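Descriptive analysis of the structure
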Amino acid sequence: SGPARLRIFDSSGRLVRTLVEERQEAGEHSVVWDGKNDEGGALASGVYFYELSTDQGRESRKALMLK
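Within each chain, residue numbers correspond to sequence positions counted from 1 in written order. A pLDDT threshold of at least 70 governs which residues receive local features in this predicted model, and a stricter bar of 80 or more applies before side-chain atom pairs are shown or counted, although totals over entire chains, interfaces and linings include all residues. With hydrogens and water excluded, all non-hydrogen atoms of the structure serve as input to the side-chain values.

1. Things to note about the side chain of Arg 17
Going by this rule: Runs of H or I in DSSP of at least four residues are treated as helices and runs of E of at least two as strands, each being numbered from the N terminus. Think of a polar contact as two N or O atoms within 3.5 Å of one another; within protein, one of them needs to be a possible hydrogen donor and the other a possible acceptor, and neighboring residues in sequence only count if both atoms come from side chains. Contacts were defined at the residue level, with two residues in contact if any of their heavy atoms lie within 4.5 Å.
Turning to its location among the elements, Arg 17 is positioned in strand S2 (residues 15-24). A polar atom in the side chain of Arg 17 sits 2.8 Å from the side chain of Asp 34. A polar atom in the side chain of Arg 17 sits 3.0 Å from the backbone oxygen of Lys 36. Residue contacts for Arg 17: discarding those within four places in its chain leaves Leu 6, Arg 7, Ile 8, Trp 33, Asp 34, Lys 36, Asn 37 and Asp 38.

Structural data, given as structure tokens:
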């Protein structure tokens, strides 16, 4: 367990949404992204990147959002 942060970036590297930024217990978790930015605006279909950061490290992966 410990602090965790899950963020979504657009293809140019701009932060568009922070989905999780809080302490999480160890174990499996799931989060649903509604395709909106932090201001509540709908984002276009396309390639995005998500980044999970914890005390143990950071991992980024590619995601494809289709509407």
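On we go from here.
2. Looking at a nonpolar patch on the surface
Rules: Like charges within 9 Å and nonpolar side chains (Val, Leu, Ile, Met, Phe, Trp, Tyr) within 5 Å are joined into patches, using only residues over 30% in relative accessible area that form no salt bridge. For every accessible area listed, the method is Shrake-Rupley and the probe measures 1.4 Å; residues are considered covered only by the protein chains on display. When a carboxyl oxygen of Asp or Glu lies within 4 Å of a side-chain nitrogen of Lys or Arg, that pair is called a salt bridge.
A contiguous nonpolar surface patch, about 390 Å² in accessible area, is contributed by Val 47, Phe 49, Leu 64 and Leu 66. Positionally, Val 47 belongs in strand S3 (residues 46-54).

3. Regarding the sheet that holds S2
This is how the line gets drawn: Pairing between two strands is assigned when DSSP locates at least 2 bridges connecting them. Angles shown run from 0 to 180 degrees and are taken between the N-to-C directions of axes, each axis being a line fitted to C-alpha atoms and, for helices, limited to the stretch in contact.
Taken together, four strands build an open sheet; the order of strands is S2-S1-S3-S4 and the sheet is antiparallel. Every other strand in the sheet has two partners, leaving S2 and strand S4 (57-65) as the edge strands with one partner each. Between one strand axis and the next, the sheet turns through 15 degrees on average, direction left out of account. Strand direction decides the pairing type here: strand S1 (residues 2-10) and S2, joined by eight bridges, are antiparallel.

4. Observations regarding the nonpolar core
Heads up, the rule is: Buried residues of nine kinds, namely Ala, Val, Leu, Ile, Met, Phe, Trp, Tyr and Cys, make up a nonpolar core once their side-chain atoms join them within 4.5 Å. For each residue, the accessible area found with a 1.4 Å probe, counting protein chains only, is set against the maximum for its type, and the residue is called buried under 20%, exposed over 50%, and partly exposed in between.
Counting residues in hydrophobic clusters, the biggest one holds five residues: Ile 8, Val 16, Leu 43, Tyr 48 and Met 65. Among residues more than four places away in sequence, those in contact with Met 65 are Trp 33, Gly 35, Leu 43, Ala 44, Ser 45, Gly 46 and Tyr 48.

5. A short note on the packing of aromatic side chains
Note the following rule: Centre distance within 6.5 Å is the pairing criterion for rings of Phe, Tyr and Trp, where only the six-membered ring of Trp is used; planes under 30 degrees apart are then read as stacked, over 60 as edge-to-face, and the remainder as tilted.
The full count for this structure, using the stated rule, is one aromatic pair. Relative to Tyr 48, the ring of Trp 33 lies with its centre 5.4 Å away and its plane at 75 degrees, an arrangement referred to as edge-to-face. Remark: Tyr 48 occurs in strand S3 and Trp 33 occurs in the loop between S2 and S3; sequence separation between them is 15 residues.

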